[in-house]
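# Close look at the chain arrangement
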Amino acid sequence: MDPSAPLVSVQNVVRSFGGVKALDGLSLDVFRGEFFALLGPSGCGKTTLMRAIAGFEAPDGGRVLLDGVDLGDTPPHKRPVNMVFQSYALFPHMSVERNIAFGLEREGLPRAEVAARVDEMLTLVQLGDERRRRPDQLSGGQKQRVALARALAKRPRLLLLDEPLAALDRKLREETQFELKRVQRRLGATFMLVTHDQDEAMTMADRIAVMRAGRVEQLGAGADVYNRPANRWVAGFVGEINLFEAAATADCAAGASCAFQLDVGLTTTPLHCGEAVAKGQRVAVAARPEHIALSRAAPDQPGPVGAVSDLAFRGDATLARIELPSGFVVRALLPNASVGGARFARGDRVALSLAAGAATVLTS
Amino acid sequence: MRREPRAFRAAALLFGFAFLYAPIALLVIYSFNASRLVTVWGGFSVRWYGALLNDERIVESAWISLRVALVSAALATALGTCAAIALARFGRFRGRGLFAAMTMAPLVMPEVVAGLSLLLLFVALDVPRGFWTIVLAHASMTMCFVAVVVRERLEGVDRSIEEAAGDLGASPGQTLWRVTLPIALPSIVAGYVLAFTLSLDDVVIASFASGPGSTTLPMRIYSAVRLGVSPEINAVSTAMIVLVAICLGIYGLARAAPAGGRV
Ligand SMILES: Nc1ncnc2c1ncn2[C@@H]1O[C@H](COP(=O)(O)OP(=O)(O)OP(=O)(O)O)[C@@H](O)[C@H]1O
Ligand SMILES: [Mg+2]
């Protein structure tokens, strides 16, 4: 079999609940050994997609292929896919080791083999000392690790994780993120993670699908999604961003660069255009707060000038909100490392400028 | 001024409990009465308990009652659990509402009506009445209680636990046997004990369904009392109260048990 062929291929899957289309003709491919994240706001259909892949939801249309084979009506217990549920769904009447052994026993593996794999998993998730406890005697983080071990013990071709870290506190979440990455790399397994936390998606995933209302808005590496959002919605959803209304200053072919005149009164350096734009065409120019520079405004400063309306200390940087006379608010991230650099206080009048080439042109 | 309502409330509570339990307390006390006269206290004695064991008819009836309760509760538990699973897990199948209503109807059905209709059925089918007809009658009366208790438990269980079992490779049958039923076990035990208790102290339905040679203990007590209360009857009633109290204790513990708890 072609190793570059996708492991999972979701093709035009539709699933409606009453009038609501939880999945609206969604397609995506996940490749072998990949750490894939589904990122999207609450209710956009992430769980429904996972459940469709695991076999708990029958799609109204479209198909799900695993290794090129249509899963069709294959019931969940016959799919080589395992899921870590958001609620963990541990068996409350079984000890940690019985929980982990459950799936292996269903495969009819010999006892010695089951015991060996359970031990291996307990070592992997570092729960050897808790093996005889029941789920109600475990902490949230430990339960999460049991759920992970239980699913991984089956050596699934694809592991689905539905917001497995949502219930953990910040510190434990970071540790567990790290742990998941480590496990995934060590086993060379394919992981598909659901999250509505963009930092989590960025930290962990090789590729991210940004979902909205049952569709994929953008699919790509974390850096691509962050630096080159496909449209206004993705730009607004992933990370903090300033969206400037703008017009093209010249005709520009797809892939070429041209300058844009921002409505706030600033002309950009030439920006890369993914699609062809005509002179005067209205677009949005998206710039991250870290790509906005501030300087003290001279009395007769040309270009956009505003007043600092708020400063939020963030440790390594300070986020400034600058209110322009039009009422438009621009956010700028100022690194704190440059001791003795320009310091601003609330009420200061500042001039804005854009780092060369750092902004993204959005036609939709 | 502020103390009056409190005193009043205490008195009301006392009166209420006295109303409920004084007759039972009296019965228990008089079962230890040395005197043969029911209303005259003649000192403490356990002689009536001794006399019970020598009364063949009472011992025989007690044995019948016990067997009826054990068997009918088992039958009711099996059927009631099936009904509960159908109601809590099979989604919205056709006729679900009707099925739910018909399963629960015996909860409020007048016992006399239930008993009489069973009697008519047994007569129409020409079934000789005896031990097994009482068992059937009691099972049909008590299975709805089991269904209610088990269903309540099942509906409180996170559905994704059963989905996880399927996800890990368990067929629907294995999921039922290894996950659903063990999790519901405390409620199944509670249902059994409840059915056992209800069967043990039923007079009305048993009277309709019994035949010669299958007189249950409550029926025996009831007919004995019509000839006058004897200290022996007090003693046998006290024994029943103790048994029922133990059963209700088990029932309460089992219902409160966590899913993973041993019963
Ligand atoms: N069983 C169901 N019955 C009816 N509607 C459903 C059902 N499951 C999901 N939906 C609807 O489908 C949509 C997508 O739900 P889904 O659970 O997939 O969202 P999600 O992206 O996982 O959200 P969250 O981040 O909050 O978990 C929602 O509008 C939801 O109300
Ligand atoms: Mg969800």
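Residues numbered from 1 in each chain as written. Chains lettered and ligands numbered in written order. Predicted model: local features only at pLDDT ≥ 70, side-chain atom pairs only at ≥ 80, totals over all residues. Heavy atoms only, no water.

### A short note on the overall build of chain B
Under the convention used in this document: The secondary structure listing takes helices from DSSP runs of H or I that are at least 4 residues long and strands from runs of E that are at least 2 residues long, numbered from the N terminus. Exposure classes here rest on a 1.4 Å probe applied to the protein chains alone. A residue is buried below 20% of its type maximum, exposed above 50%, and partly exposed in between. Any two residues whose heavy atoms approach within 4.5 Å are treated as being in contact. Residue burial considers only the protein chains on display, and all accessible areas are found by Shrake-Rupley using a 1.4 Å probe.
For chain B, the helix and strand inventory stands at eleven helices and zero strands. The secondary structure elements of chain B, listed N-terminal to C-terminal, are α-α-α-α-α-α-α-α-α-α-α. Each principal axis of the C-alpha atoms in chain B carries an extent, and together these give about 70 × 70 × 30 Å. For chain B, buried positions account for 42% of its 263 residues. A separation threshold of at least 6 residues defines the contact pool for chain B, and within that pool the share at least 24 residues apart is 73%. On chain B, roughly 14,600 Å² of surface is accessible, and the fraction owed to carbon and sulfur atoms is 70%.

### Observations concerning the overall build of chain A
What counts is decided by this rule: Positive charges are assigned to Lys and Arg, negative charges to Asp and Glu, while His and the chain termini are left out of the count. To locate a charge, take NZ of a lysine, CZ of an arginine, CG of an aspartate or CD of a glutamate.
From N to C terminus, chain A includes eight helices and 22 strands. Dimensions of chain A along its principal axes, counting C-alpha atoms only, are 80 × 45 × 40 Å. The proportion of buried residues among the 364 residues of chain A is 49%. Taking as baseline every contact in chain A between residues at least 6 positions apart, the subset at least 24 positions apart corresponds to 64%. Carbon and sulfur atoms provide 50% of the accessible area of chain A, an area that totals close to 16,400 Å². Mean positive and mean negative side-chain charge positions of chain A (44 and 41 charges, respectively) differ by 3 Å.

### Section: the site of ligand 1
Residues and elements named next belong to chain A. For clarity, the cut-off: We define proximity as follows: a residue is near a molecule or strand when any one of its heavy atoms falls within 4 Å of that partner. In the analysis that follows, any N or O atom pair within 3.5 Å is treated as a polar contact, provided that within protein one partner can donate a hydrogen and the other can accept it, and provided that, for residues neighboring in sequence, both atoms belong to side chains. Amino acids are sorted into nonpolar (Ala, Val, Leu, Ile, Met, Phe, Trp, Tyr, Cys and Pro), charged (Asp, Glu, Lys and Arg) and polar (every other residue, Gly among them).
Neighbouring residues of ligand 1: Phe 17, Val 20, Ala 22, Ser 42, Gly 43, Cys 44, Gly 45, Lys 46, Thr 47, Thr 48, Glu 163 and His 196. A distance of 2.7 Å separates an oxygen atom of ligand 1 from a polar backbone atom of Gly 43. Separating an oxygen atom of ligand 1 from a backbone N or O atom of Gly 45 is a distance of 3.0 Å. With three residues, helix α1 (residues 46-54) is the single largest residue contributor to the shell around ligand 1. Class assignment of the residues belonging to the shell around ligand 1 gives a composition of four nonpolar, six polar and two charged.

### A few points about the sheet that holds strand β17 (residues 292-296) of chain A
Residue and element names in this part refer to chain A. Here is the rule: The rule for pairing is simple: two strands pair if DSSP sees at least two bridges between them. Here an axis means a line fitted to C-alpha atoms, over the contact stretch when the element is a helix, while the angle between two N-to-C directions is reported on a 0 to 180 degree scale.
The strand order across the open sheet built from five strands is β17-β21-β18-β19-β20, with neighbouring strands paired in antiparallel fashion. Edge strands, defined here as strands with exactly one partner in the open sheet, are β17 and β20 (329-335). Averaged over neighbouring strand pairs, the angle between their axes works out to 45 degrees when direction is ignored.

### Quick word on the interface of chain B and chain A
We apply this condition: Two parts lose some accessible area (1.4 Å probe) when they are put together, and adding that loss for both gives the buried area. Salt-bridge detection follows one rule: a side-chain nitrogen of Lys or Arg within 4 Å of a carboxyl oxygen of Asp or Glu.
Of the residues lining the interface, 21 residues belong to chain B; the matching set on chain A comes to 23 residues. The junction of chain B with chain A conceals about 1,900 Å² of combined surface from both sides, 60% of it contributed by carbon and sulfur atoms. Counting the surface chain B buries against chain A, the share from its top three residues, B:Glu163, B:Asp167 and B:Leu168, is 37%. Our count for the contact surface shared by chain B and chain A stands at one salt bridge. In this structure, the connection of chain B to chain A is made through eight residue pairs in polar contact (both at pLDDT 80 or more). Sort the elements by how many residues they give to the side of chain B that touches chain A and helix α7 (residues 159-167) of chain B lands first, with seven residues. For the side of chain B that touches chain A, the class distribution of residues is ten nonpolar, six polar and five charged.

### Details of the state of the cysteines
To be explicit about the condition: Disulfides are defined as pairs of cysteine sulfur atoms found within 2.5 Å of each other.
Counted under the stated rule, the structure contains zero disulfides over all chains. Looking at the unpaired A:Cys258, the closest cysteine sulfur is the one in A:Cys252, lying at 4.2 Å. A relative accessible area of 7% means that A:Cys258 is categorised as buried. Unpaired in terms of disulfides, B:Cys247 finds its nearest cysteine sulfur in B:Cys144, a separation of 18 Å.

### Considerations on a nonpolar patch on the surface
Residue and element names in this part refer to chain B. Using the following cut-off: Patch building starts from residues that exceed 30% relative accessible area and form no salt bridge, then joins like charges within 9 Å and nonpolar side chains (Val, Leu, Ile, Met, Phe, Trp, Tyr) within 5 Å.
Judged by side-chain polarity, Leu 13, Phe 15, Phe 17, Phe 19, Leu 20, Tyr 21, Ile 24 and Ile 241 come together as a nonpolar surface patch covering roughly 880 Å² of accessible area. For the nonpolar patch, the element with the highest residue contribution is helix α1 (residues 3-31), accounting for seven residues. Overall, the relative accessible area of 61% leaves Phe 15 in the exposed class.

### Remarks on the packing of helix α2 (residues 47-54) of chain B against helix α11 (residues 231-256) of chain B
Residue and element names in this part refer to chain B. Condition: Any angle that falls under 35 degrees is termed roughly parallel, while one over 145 is termed roughly antiparallel, one within 65 to 115 roughly perpendicular, and all others oblique.
The contact between α2 and α11 brings their axes to 9 Å, and the two run at 85 degrees. The angle between the axes of α2 and α11 places the two elements in the roughly perpendicular class. When α2 is examined against α11, the residues Trp 48, Tyr 49, Ala 51 and Leu 52 are found in contact with a partner set consisting of Pro 231, Glu 232, Ala 235, Val 236 and Thr 238. For the contact of α2 with α11, the class distribution of residues is seven nonpolar, one polar and one charged.

### So, the confidence of the model for chain A
We count it as follows: pLDDT measures the predictor's confidence residue by residue and takes values from 0 up to 100.
Chain-level statistics for chain A give a pLDDT mean of 86 and a share of 98% at 70 or above. Per-residue pLDDT, averaged within each element of chain A, yields its smallest value for strand β14 (residues 266-267) of chain A (78) and its largest for helix α2 (residues 96-106) of chain A (94).

### Digging into the environment of B:Val68
All names here are of chain B. With respect to the helices and strands, the residue Val 68 is situated in helix α3 (residues 56-89). When the C-alpha atoms of Val 68 and Ser 199 are compared, they prove to be 7.4 Å apart, with 131 residues separating the residues in sequence. Other than its neighbours up to four places away in sequence, Val 68 contacts Ala 73, Phe 131, Ile 134, Val 135, His 138 and Ser 199.

### Things to note about the domain arrangement of chain A
For clarity, the threshold we go by: For the domains described, the bounds stem from an automatic or database domain assignment.
As far as domains go, chain A holds domain 1 (8-227) and domain 2 (240-362). Domain 1 of chain A and domain 2 of chain A are separated by 40 Å when their C-alpha centres are compared.

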